[in-house]
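Results of the structural survey
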Amino acid sequence: INGMTAGSWRGPTGADADHLKTTADVAATHAAGYTFYTIDPSEYVDENADSYDEATLRFKFSKIRDQNQWISDYQDQIVKCGQTTIEFNAVSCMRCAVKYGRAIKHALVMGDYIRSINEANDTEYEIELSVDETEQPTTLAEHYIVADLCIKNGMKLVSLAPRYIGDFEKGVDYKGDVLELENSLRDHAAIAEALGPYKLSLHSGSDKLTMYPAFARASAGRFHIKTAGTSYLEALRVVARHNEDLFRRIIHFARQHYDIDKATYHVSAIIAEVPPAENIDDILELEHTYLELWDRVPTGKGFSQPGRQILHCTFGSVLRHEEFGKAIISVIENNPDTYCEVLSDHFIRHLAALNIGLNKNR
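**Some details on helix H9 (residues 230–242)**
With 13 residues, H9 ought to run about 18 Å at 1.5 Å a step, and its terminal C-alpha atoms sit 19 Å apart, in line with that. By the criterion of burial, H9 is predominantly enclosed, with ten of the 13 residues buried. Of all the positions in H9, only Thr 230, Tyr 232, Leu 233, Glu 234, Ala 235, Leu 236, Arg 237, Val 238, Val 239 and Ala 240 are classed as buried.

**Observations regarding the packing of H9 against helix H10 (residues 244–261)**
It is at 5 Å that the axes of H9 and H10 come closest, and there the two elements cross at 130°. Looking at the two axes, H9 sits oblique to H10. Residue-level inspection shows Leu 236, Val 239, Ala 240 and His 242 of H9 in contact with H10, the latter providing Glu 244, Leu 246, Phe 247 and Ile 250. The class makeup of the residues in the contact of H9 with H10 is six nonpolar, one polar and one charged.

**Describing the sheet that holds strand S2 (residues 36–39)**
Reading across the sheet, the six strands line up as S1-S2-S5-S6-S7-S8 and stay open at both edges, with parallel pairing between neighbours. Each end of this open sheet is capped by a strand with a single partner; those strands are strand S1 (16–20) and strand S8 (223–225). Ignoring which end each strand starts from, the neighbouring axes of this sheet average 25° apart. Docked against the sheet, helix H6 (residues 140–152) engages strand S5 (126–130), strand S6 (157–161) and strand S7 (199–202), running at close to 155° with respect to S6.

**A closer look at the packing of aromatic side chains**
Evaluation of the coordinates by the stated rule reveals ten aromatic pairs. When the ring of Tyr 74 is compared with that of Phe 88, the centres are 5.9 Å apart and the planes differ by 45°; the resulting orientation is tilted. Of this pair, Tyr 74 sits in helix H4 (residues 71–74) while Phe 88 is found in strand S4 (residues 84–88), placing the two residues 14 residues apart along the sequence. You'll find Tyr 74 and Phe 88 in the same group, each marked buried. Each residue in the set Tyr 164, Phe 168, Tyr 174, Phe 215 and Phe 223 is aromatic and connected to the rest through ring pairs, giving one cluster. Sitting over the face of the ring of Tyr 125, Lys 156 holds its NZ or CZ atom 4.8 Å from the ring centroid.

**Description of the pairing of S4**
Across the two faces of S4 the burial differs, with Thr 84, Ile 86 and Phe 88 buried and Thr 85 and Glu 87 not buried at all. Here strand S3 (residues 77–81) folds back onto S4 in antiparallel fashion, the turn holding two residues, of which Gly 82 has a positive phi close to 65°.

**Comments concerning the nonpolar core**
Soluble, globular proteins show a tendency: their nonpolar side chains are buried together. If you look at the biggest cluster of nonpolar residues, it comprises 68 residues, and the most contacted ones within it are Trp 70, Phe 88, Leu 129, Tyr 144 and Phe 215. If one sorts the elements of this core by residue count, helix H5 (residues 90–120) sits on top with 13 residues. Formed by 35 residues, the second largest nonpolar core is a distinct cluster that contains Tyr 258, Val 274, Leu 291 and Ile 332.

**Considering the pattern of salt bridges**
Taken as a whole and judged by the stated rule, the model has 28 salt bridges. In this structure, Lys 226 and Asp 16 form a salt bridge, with 2.5 Å as the shortest nitrogen-oxygen distance. One end of the pair, Lys 226, is in the loop between S8 and H9; the other, Asp 16, is in strand S1, with 210 residues separating them in the sequence. A residue is classified by how much of its surface remains accessible, and Asp 16, at 23% relative accessible area, is partly exposed.

**Regarding unusual backbone geometry**
The omega torsion across Gly 196 and Pro 197 is 5°, close enough to zero to call that bond cis. Considering the arrangement of structural elements, one finds Pro 197 in the loop between helix H7 (178–195) and S7. Non-glycine residue His 19 carries a positive phi angle of around 50°. Even without being a glycine, Asp 76 presents a positive backbone phi close to 70°. Relative to the helices and strands, Asp 76 resides in the loop between H4 and S3. Since its relative accessible area comes to 60%, Asp 76 is described here as exposed.

**Focus on the packing of H9 against helix H14 (residues 324–334)**
Contact pair H9 / H14: the axes reach a minimum separation of 9 Å and the direction vectors enclose 75°. Between H9 and H14, the crossing angle belongs to the class labelled roughly perpendicular. Together, Tyr 232, Ala 235, Leu 236, Val 238, Val 239 and His 242 of H9 and Ile 328, Val 331 and Ile 332 of H14 make up the contact between the two elements.

Parameters at a glance
Here, residues in each chain are numbered from 1, in the same order as that chain's written sequence. The predicted origin of the model limits local features to residues at a pLDDT of at least 70 and limits the giving and counting of side-chain atom pairs to 80 or more, whereas totals for whole chains, interfaces and linings rest on all residues. Hydrogens and water are ignored here; the side-chain numbers use all heavy atoms of the structure. Put simply, DSSP marks the helices as runs of H or I at least four residues long and the strands as runs of E at least two long, and each gets a number from the N terminus on. Take the residue count of a helix, subtract one, and multiply by 1.5 Å to get its expected span. Residue exposure (1.4 Å probe, protein chains only): buried if accessible area is under 20% of the type maximum, exposed if over 50%, otherwise partly exposed. Throughout, an axis means a line fitted to C-alpha atoms (over the contacting stretch in the case of helices), and angles, computed between N-to-C directions, take values from 0 to 180 degrees. Roughly parallel means an angle under 35 degrees; roughly antiparallel means over 145; roughly perpendicular covers 65 to 115; every other angle is labelled oblique. Any two residues whose heavy atoms approach within 4.5 Å at even a single point are treated as in contact. Lys, Arg, Asp and Glu make up the charged group, whereas Ala, Val, Leu, Ile, Met, Phe, Trp, Tyr, Cys and Pro make up the nonpolar group; the residues left over, Gly among them, are polar. Think of it this way: DSSP has to see at least two bridges between two strands before they count as a pair. By convention, a stacked pair of Phe, Tyr or Trp rings (six-membered ring in the case of Trp) has centres within 6.5 Å and planes under 30 degrees apart, an edge-to-face pair has planes over 60 apart, and any other such pair is tilted. Cation placement over rings: the criterion is NZ of Lys or CZ of Arg within 6 Å of the ring centroid and within 35° of the ring normal. Throughout, nonpolar core names a set of buried Ala, Val, Leu, Ile, Met, Phe, Trp, Tyr and Cys residues whose side chains join them through atoms within 4.5 Å. Salt bridges are counted wherever a side-chain nitrogen of Lys or Arg sits within 4 Å of a carboxyl oxygen of Asp or Glu.

As structure tokens, then:
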């Protein structure tokens, strides 16, 4: 809010209380004035559920059967959502209970608390549920059960983020078959339409431009996309254009910290396959290597890795550095026009890709 005020923004604003894991998180963000809450029950998800064989799955389910009586409401049912058919067999329902059962229970506790704290203060609110923090995609049966249980239990669900097929790495474009993704998205959108309607949400949406048109088309414009971290990368672009020495030193520092900082991210860039700054004399080539390469591309000597990912994952270490954080801010403050220019270009790329999809829907 301070930044928008300083920038003389007077238009509508909104803010997402993102990745809330406890009721204490809700209380703190509510007190700060948030009205949009994203529940993150990832700590209660069994990420290994998709790899269990049937015997292991049945054993796991036997331990939680009493807490998941809802399974009888779905097992052996066939549900039509528009043109999408979802079959609920015993195995798919058990797997959903093992994978998401505890997460659903926690999400309902969080949803009830959000409702009560806002009703007590007579404030409007909205809830998004995130179940995308898994290696394996959310199946259609899992999406349906999670959303249906939440809505039936009174959650004011306006958007849901399943784990979609393909890879959504930080700082690079979508990795996967876009046509296959679009077909899958249509099925997820059909569930959202039938049960809500609510929006399909895409987290880690920054830079995923090749799949944006498909996402817009499949959801018929009913979507919520979260982008984060890339405004920092555009700030580094300003540094590259106005303080080359600082940019080179940040790259050197980031390369030293990447292998540690990447531990909390799903990324694939390899330091050894990205040339160090001292090996690239031309500043335009250096900017391209570290800010424009969004994918692993073939070269005459093997493959070039996205240096952009190295800078993305190390933002915390760079900004906490005793010199670099203040230096970056100083460059931006002294060159606001450049920062506005590169940010505008960056956001226009994203909005244009979405608009392509929306226009093809009309």
